[in-house]
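# Residue-level structural notes
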Amino acid sequence: MTAVPRRVVWYDAAGRRHEADQPELISLLQAAEQSLPSLPAVVAVRLPSGLPCLLATLACKRRQVTFVHLGGDTSDAREQIMLRIAGATHMIVPLPDSETAFSVRRLSLDGAFAPSPYAYIMFTSGTTGPPKPVRVPHRCIDSNIASLVRRLSLSRDDTLVQLTPPTFDPCLVEMLGAAAAEASLIIPPPSARVRFR
């Protein structure tokens with residue numbers, strides 16, 4: 001999957017609106033891809049919803065680097081369990097004073113498992129015990145996104161809204177679906193509330 005959304009609208013922590021068109025997104029994505037580690041790698045993404053999270057997700061997907069999104073409200077103990085189970089080798093964190101970039105740092109975890117050939121790893125909530133990994137191969141997410149784009153007839157003329165947090169896998173459908181269709185993507189501010197009628 002090499003497509004990029006036609007346009008992305010997102011909001012920073014202060015609620016200011018930002019926008020990037022496809023040529024700018026392609027440039028930012030190429031820079032993001034260059035910052036990723038060499039394969040094999042499992043990258044933990046500790047970014048809130050926004051353009052850097054989208055760029056990290058698309059860059060990992062394009063480079064076939066396995067990624068796992070960590071929640072911003074995850075306890076240190078839970079995060080350490082998730083990192084070890086996933087076999088994380090690197091972590092992507094926000095770059096201070098930047099609305100478009102992130103920083104990649106190498107992790108050194110004792111007892112980390114070997115990296116795996118999956119597109120991404122999500123974790124269960126862990127309410128009944130330790131969080132459990134759900135590993136999703138590239139072919140599964142690729143076929144799901146292709147089917148979604150085809151069934152909904154998504155195109156460059158459409159706009160998708162990212163309503164779910166990066167730790168919940170429907171978020172990947174929103175991000176990757178917009179990219180595959182080259183549609184626009186709106187990432188509302190975290191404080192936004194959506195009401196369905």
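In what follows, the structure referred to is the one given above.
What comes next is a walk through the structure. (Residues numbered from 1 in each chain as written. Predicted model: local features only at pLDDT ≥ 70, side-chain atom pairs only at ≥ 80, totals over all residues. Heavy atoms only, no water.)

## Focus: the packing of aromatic side chains
Here is the rule we go by: Stacked, tilted and edge-to-face are the three classes applied to pairs of Phe, Tyr and Trp rings, where Trp contributes its six-membered ring and a pair requires centres within 6.5 Å; stacked means planes under 30 degrees apart, edge-to-face means over 60, and tilted covers the rest. The helix count covers DSSP runs of H or I at least four residues long, the strand count covers runs of E at least two residues long, and both are numbered beginning at the N terminus. Exposure is judged per residue with a 1.4 Å probe applied to protein chains only, and the accessible area is read against the type maximum: over 50% gives exposed, under 20% gives buried, and values in between give partly exposed.
Taken as a whole and judged by the stated rule, the model has 1 aromatic pair. Pairing phenylalanine 67 with tyrosine 120 gives two aromatic rings, centres 5.8 Å apart and planes at 25°, and the pair type is stacked. Here phenylalanine 67 is found in strand β4 (residues 66-69), whereas its partner tyrosine 120 is found in strand β7 (residues 118-123), with 53 residues between them in sequence. Each member of the pair, phenylalanine 67 together with tyrosine 120, is buried.

## Overview of the nonpolar core
Nonpolar side chains in soluble globular proteins tend to be buried together. To keep it simple, the criterion reads: Joining through side-chain atoms within 4.5 Å is the link that ties buried Ala, Val, Leu, Ile, Met, Phe, Trp, Tyr and Cys residues into a set, and such a set is a nonpolar core. Pairs of residues are marked as contacts when any of their non-hydrogen atoms sit within 4.5 Å.
Counting residues in each nonpolar core, the largest one holds 43 residues, and the members touching the most others are Val8, Ile92, Tyr120 and Leu185. Looking at this core, the elements with two or more residues in it are β1 (7-11), α1 (22-35), β3 (42-45), α2 (51-63), β7, α4 (138-151), α5 (170-181) and β10 (184-187). With 8 residues, the single largest contributor to this core is α2. Setting aside residues up to four positions removed in sequence, tyrosine 120 forms contacts with Thr66, Phe67, Val134, Arg135, Val136, Ile141, Asp169 and Leu172. The next biggest cluster of nonpolar side chains, apart from the first, holds 14 residues, and it includes Leu83, Ile85, Ile121 and Phe123.

## Considerations on the sheet that holds strand β2 (residues 17-21)
As a reminder of what qualifies: In this analysis, strands are considered paired if DSSP registers two or more bridges between them. The axes are straight lines fitted to the C-alpha atoms, using for helices just the contacting stretch, and the angles between their N-to-C directions are given from 0 to 180°.
Ordered by their spatial adjacency, 4 strands build an open sheet running β2-β1-β10-β9, and the pairing between neighbours is mixed. Both outer strands of the open sheet, β2 and β9 (159-161), are each paired with one neighbouring strand and no more. Neighbour-to-neighbour, the strand axes of this sheet turn through a mean angle of 15°, independent of strand direction. Across 4 bridges, β1 lies against β10 in parallel orientation. Paired with valine 9 across the strands is isoleucine 186, a residue of β10. Lying on the sheet, α1 is in contact with β1 and β2; it crosses β2 at an angle near 90°.

## Regarding the pattern of salt bridges
Keep this limit in mind: Any Lys or Arg side-chain nitrogen found within 4 Å of a carboxyl oxygen on Asp or Glu counts as a salt bridge.
Inspection of every chain in the model, using the stated rule, returns 7 salt bridges. Across the pair aspartate 142 and lysine 61 runs a salt bridge whose closest N-O atoms are separated by 2.7 Å. On the criterion of sequence distance, the pair formed by aspartate 142 in helix α4 and lysine 61 in helix α2 is long-range, its members being 81 residues apart. Each of Arg7, Arg17 and Glu19 takes part in salt bridges that share partners, so that together they form one network.

## Focus on the environment of aspartate 97
Tracing the chain through its elements places aspartate 97 in the loop between β5 (90-94) and β6 (102-106). Expressed as a C-alpha distance, the spacing of aspartate 97 and proline 190, which sit 93 residues apart in the sequence, is 18 Å.

## Structural notes on the pairing of β3
How we decide: Crossovers are marked right-handed if the path from the first strand over the helix to the second runs clockwise, as seen with the strands pointing away from the viewer.
By the alternation rule, side chains of β3 split into Val42 and Ala44 and Val43 and Val45, which are all buried. In terms of strand pairing, β3 meets β4 through 4 bridges, oriented parallel. When the sheet's bridge partners are listed, valine 42 is paired in β4 with threonine 66. With respect to chirality, the unit in which β3 leads through α2 into the neighbouring parallel β4 is right-handed. Pairing of β3 with β5, which is carried by 3 bridges, proceeds in the parallel orientation. The residue of β5 that forms the bridge with alanine 44 is methionine 91.

## With respect to the side chain of histidine 69
We apply this condition: What qualifies as a polar contact is a pair of N or O atoms within 3.5 Å, subject to a donor-acceptor requirement within protein and to the restriction that residues adjacent in sequence count only when both atoms come from side chains.
Here histidine 69 is to be found in strand β4. One polar contact links histidine 69 to threonine 57, side chain to side chain, over a distance of 3.0 Å.

## Describing the packing of α4 against α5
The cut-off we apply is this: A crossing counts as left-handed when the near helix is turned anticlockwise from the far one by less than a right angle, and as right-handed when that turn is clockwise. Gly is placed with the polar residues, together with every amino acid not listed as nonpolar (Ala, Val, Leu, Ile, Met, Phe, Trp, Tyr, Cys and Pro) or charged (Asp, Glu, Lys and Arg).
Closest axis-to-axis distance for the α4/α5 pair is 9 Å, and the angle between their directions is 65°. In the crossing of α4 with α5, the sense of the turn from one axis to the other is right-handed. Touching Ile141, Ile145, Leu148 and Val149 of α4 are Leu172, Val173, Leu176, Gly177, Ala180 and Ala181, all from α5. Taken together, the residues of the contact of α4 with α5 sort by class into 9 nonpolar, 1 polar and no charged.

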